[in-house]
Each structure stands twice: as C-alpha cells, then as structure tokens.
Amino acid sequence: MAVPVAFFALFFAYPVTAIVGRGLRTGGDWQFGRIGEVLGRPDILDVLWFTTWQALASTALTLLIALPGAFVFARFDFPGKQVLRAVVTVPFVLPTVVVGTAFLALLGRGGLLDELWGVRLDTTVWAILLAHVFFNYAVVVRTVGGLWAQLDPRQEEAARVLGAGRFAAFRRVTLPALVPAVAAAALMVFLFTFTSFGVVQILGGPAYSTLEVEVYRQTAQLLDLPTAAVLTLVQFAAVGAILAVHATTVRRRERALKLVDPAGTSRRPRGPGQWALLGGVLLTALLLILVPLGVLVERSFDGPGGYGFGYYRALQSAGSGGSSTFLVPPLEAVGNSLRYALVATLIALVVGGLAAAALTRRAGPLVRGFDALLMLPLGVSAVTVGFGFLITLDEPPLDLRTSWILVPLAQALVGVPFVVRTMLPVLRAVDDRLREAAAVLGASPLRAWREVDLPLVRRAVLVAAGFAFAVSLGEFGATVFIARPDNPTLPVAVARLLGRSGELNYGQAMALSTLLMLVCAVSLLLLERIRTDRSGEF
C-alpha cells in the first residue's frame, strides 16, 4: 500500500487540498460558514438534484444497453469481433467537446434527426443520457465481459442438467459471480456521469448544469473561488460516501471463482434467439457508436471546395490560415499524446497493480477506506486538480510545472482507478488454496505470485492497460491547464481549435478528432490481438 498511498498523497490530496484551502480562507482565517450559505441557495440545490438523478438514470440506461453486449463479447465468436471490441472503446477516449459537437450535429437544429423526422433533442435530458451511454458503453462491455469470459460455462450447464431453467441457472450460478464486476462497472459509469462536464455544457444548454459545470462556471466565468471550493467539497464528500458504501457491500459478495481460459468459453451463436441477440448488439453498436463517429469523419473531409484532405494538410502547419493557435504544427499532438499515454499507462499499472494486490491480501476498515480513496480522482473536479497542480508543484523538490512528466502524472490519476477496478474482481476470485499449495511445495511468495496469480490475471492486466491507455489519450480536464503550448495533446489541440472561430479551425478540429479515433482504434486492436494470442498460456 505504501507506493499507491504516497502517489495519491503527493499528486492528488496535496493539490486538491491546496486549491480548496485557498477558496475557503480569507485573510488567513477559515470561512466555514460559507458552506452553509452556498448550499442554502436554490440554484445550487437544483444543480445538486440534477447531478444526482441524471447520473442514476445514465447508469441504469448504460447497464440496460451494454450488458447484452458484454454477454455477446464474452460468449460468442463471430467475424470482426476484435475490430468491433476496439471500435466500441473508441468513444471512451474522445474529448467531451468533440462528442458533444457530434451529438449536436445528430440531434440538434439541422441535424440528421431533424432532417429525417423533424425531431430535435438538443437542450433536453435525452441528448445528455444518450451521449453518456455512448461514452460508457465500453466500460460495462470490457469490465463485465472480461470476467464473464473467464467463468466456466459448465457450471451453468450442470445446473440445467439438474433441472434448472435457462434463466434460473443464470440467476443462481452466473449472476452471483458477476455481481462484483457489474457493481464495479456501474460505479465507474456513475462517477463519470456524476462529474460530467462537456456533454452537459454543449447538449444541455443553460437549462441543465452538473456540479462539474457549475464549478467551471464559478471559477472561469464568475471568478467566485469560494463557491467553487464549496461545490468541490460537496462533490468530494458525495463520491467518498458512495465509494465507502460500494467497498462495504460489494466485498461481501466477492468469492473465489473457477476461472478458465476465455478462448474455450466462446462459440458461434446457435439458434434464432442467439443470432437475434448478436444482431441486436451489432445494430446497437451501429446506431450508438458508429453513426456519431461517422459524422466526425464526414466533417473532417467536407471542406469549402468539396470533399478532400484539405483540413488534414493544414494540420502540418503551425500558422495555417493566419492562426496563431499553436507554436508547433497541430499534427505533432499525435506523437505527444502517444508518448504521454504510454508513460501514464506504465505508472497506472504499477500503482494500480500494487493497490489491487494489497486490497486482496488485507481486510478491515482501513483497507475499505483505501479502496474508496483510489476511486476519488474520478469524482473530483478535473478543474480543481488542474489548478491544484499549477499552484502546488512549483517549488523544489516538486518543481514540475515545466517538466513533461506532469502530464502523464495527471493522466495516471484517472487511469489508476480503472486498473484497480478491472484487476480486483479477478484477483479476489483466485482461490487462496492454489497459493497455499504452491507455498507447501516450497515456492516463495514472489514465485507463487508469478506461477499462480499472474497466469490467471494476465488477461485482466492487458484489459486494464487498454483502459489506462484509452483514458490517458482522452484526458482533457486537468491536462488543459498543464500541457505546454509547444507540446499539446490531441484533446487539448482539438479544444483550442474548437475555441477559435473560422471554418478552417473547425475542420482541423474534426480532422484531429478523426486521427484520435484512428490512433485509439489501432492501439486497442493491437492490444486485443496480443491478448488473444496469449490467451492459450493460461
């Protein structure tokens, strides 16, 4: 636990505490009465209510739509499976401003839905909910599907031989084993939607505001740092309470499971029902994932003189169109993002892997609190974290404001929770008797881990690496404050282009977004191929 605790203390607790302290202190005195004043305002109460219920609705809708996809990816074998698995993960790395713009083109004035049926959904809660499902579909598919693929299907088949129906066998055998993974996926979806920013700001309009949107508005527009500090504390407390309840309740449902080689659990669909389920999942992926992504690709080629590569060629120049948005060509952001994401993934795997291992070997209130602490970066305002980095990491021995490592550190903060939540259910499912048998045969703890745990959790490690890499590529909230102008990341470059008027800037933003999608899809496809090639080593 030492390394994860030190990492979070230095790069999360210290910056957040410093920025909140500045907001609640006046002339050296703490102004705690400000908390009651802010929370008593009707407009703030409306924000709290909307933030909570839209997160619950988004989580329920995501589970409803994505769980069939998790089953299909875990149990069915079909052509293009690896490609489709990579494609459904791409939305997870896109900057929220880009996805908001894409859904606005689909659901807003003059959008596809408006042209076909004369229906507009922008400035409604339905647009927000659909965009949230778009973002988080992969979280459920990969988190739940990763464990589902390793469950021995013969256990459910045995229940059916003993007289249980298909649904009863699933409810009594498979579902209890999946509960920890489903709860972990639901928790991540809830935290992301609870702290939603770009989607709500673009699609919700002035009628809807989450805590994250309000923190940004109070900080950047109204310059009311005390109110922003109070809202950050409220968000922090709410997320902490949710995580504490999750760590207590879900841990009781986790147990040792019989895990098998996932390559032997998937097969081609049989019967009309299974083929219909596969078709429904493919249709959902088409409408929910591919259509918005297709809009971005189409706009990246739709130039003033017709379709072509004009916007892509413009990315090679720093001052194209008379713009001084960048000190370097925007195309360099691709290489910057890949380098930052690789380093952030390595940091997240080390910190998250150690944390997950510690959580499987210890029990008690301290460990449950540590489990909740690891998830807090997903529930704290990225605006607060970014500002905190700037005002705290500026003096020796932590003078990192001009160092390139600052960006991967911020990205790793978001990647660590995904590593922990992905690896923890699998690590806890490993039967302790296997480790004990290895010890009886003379294996040291390190060798027992290498020979027993690692072969069983290798799949989870690769899935966790994919998640960490994906979220690092798409991290925007904190990175926008600390990325240097001469080394922008892809999401920061897209946001800068969208923030400037002009058709050329908008077209370049769409081109960069398309490149981001391609980079993510290729990276995830390679990861899927490596994972599949090594699956036979279990």
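Residues numbered from 1 in each chain as written. Predicted model: local features only at pLDDT ≥ 70, side-chain atom pairs only at ≥ 80, totals over all residues. Heavy atoms only, no water.

Points about the overall build of the chain
Across its full length, the chain carries 23 helices and four strands. Looking at the chain as a whole, 54% of its 538 residues qualify as buried. Intrachain contacts of the chain at a sequence separation of at least 6 include 80% that bridge at least 24 residues. (Helix = DSSP H or I, 4+ residues; strand = E, 2+ residues; numbered from the N terminus. Buried < 20%, exposed > 50% of the residue type's maximum accessible area, 1.4 Å probe, protein only. Contact = heavy atoms within 4.5 Å.)

Some thoughts on a positive patch on the surface
Taken together, the side chains of Arg160, Arg166, Arg267 and Arg270 define a basic patch exposed on the protein surface. Position of Arg166 among the secondary structure elements: in helix α9 (residues 166–194). (Patch = residues over 30% accessible without salt bridge, like charges linked within 9 Å, V, L, I, M, F, W, Y side chains within 5 Å. Areas by Shrake-Rupley, 256 points an atom, 1.4 Å probe, with all protein chains shown as cover. Salt bridge = Lys/Arg side-chain N within 4 Å of Asp/Glu carboxyl O. Lys, Arg positive; Asp, Glu negative; His and termini not counted. Charge placed at Lys NZ, Arg CZ, Asp CG, Glu CD.)

Brief notes about the packing of aromatic side chains
Overall, the coordinates contain 15 aromatic pairs when judged by the stated rule. Taking 5.8 Å as the distance between ring centres and 85° as the angle between the ring planes, the aromatic pair formed by Phe50 and Trp53 counts as edge-to-face. In this pair, Phe50 and Trp53 are both assigned in helix α3 (residues 42–75), three residues apart and thus about one turn of the helix distant. Judged by its relative accessible area of 30%, Trp53 is partly exposed. Here a set of aromatic residues connected by ring pairs shows up, and it is made of Phe7, Phe8, Phe11 and Phe12. (Phe/Tyr/Trp six-rings, centres within 6.5 Å; stacked < 30°, edge-to-face > 60°.)

Focus on the side chain of Thr62
Tracing the backbone shows Thr62 in helix α3. Apart from the residues within four sequence positions on either side, Thr62 is in contact with Leu67, His132, Val133, Asn136, Tyr137, Val140 and Val189.

Topic: the pattern of salt bridges
Per the stated rule, a full pass over the model turns up two salt bridges. One salt bridge in this structure joins Asp43 and Arg41, with 3.1 Å as the shortest N-O distance. Residue classification places Asp43 among the partly exposed residues on the basis of a relative accessible area of 33%. With a shortest N-O distance of 3.8 Å, Arg450 and Glu451 are connected by a salt bridge.

What to know about the environment of Leu231
Along the polypeptide, Leu231 turns up in helix α12 (residues 225–253). Judged by its relative accessible area of 0%, Leu231 falls in the buried class. Separated by 20 residues in sequence, Leu231 and Leu211 have C-alpha atoms that sit 6.7 Å apart. If near-sequence neighbours (up to four positions away) are discounted, Leu231 is found in contact with Val38, Ile44, Leu211, Glu214, Val215 and Gln218.

Some points on the confidence of the model for the chain
Here the chain averages 79 in pLDDT, and 88% of its residues register 70 or above. Within the model, the stretch residues 534–538 combines pLDDT values under 50 with 13 contacts to residues more than four positions away or in other chains. (pLDDT = per-residue confidence, 0-100.)

Thoughts on helix α7 (residues 125–148)
Taking 1.5 Å per residue, 24 residues should reach 34 Å; α7 reaches 32 Å between its end C-alpha atoms and fits that length. The sharpest bend along α7 comes to roughly 45°, located at Asn136. Within α7, 22 of the 24 residues are buried, which leaves the element mostly enclosed by the surrounding structure. (Expected span 1.5 Å × (residues − 1). Bend = angle between axes of the 7 residues up to and from the residue.)

Details of the nonpolar core
Within the largest apolar cluster, 158 residues are counted, with the highest numbers of intra-cluster contacts made by Phe7, Phe389 and Phe418. Apart from the residues within four sequence positions on either side, Phe7 is in contact with Phe12, Ile347, Val351, Leu409, Ala412, Leu413 and Val416. (Core = buried A, V, L, I, M, F, W, Y, C linked by side-chain atoms within 4.5 Å.)

As for a nonpolar patch on the surface
Together, Val3, Leu346, Val350 and Leu354 line one region of the surface with nonpolar side chains, adding up to about 350 Å² of accessible area. The greatest single-element share of the nonpolar patch, amounting to three residues, is contributed by helix α15 (residues 332–361). In this fold, Val3 is placed in helix α1 (residues 2–24). With a relative accessible area of 44%, Val3 lands in the partly exposed category.

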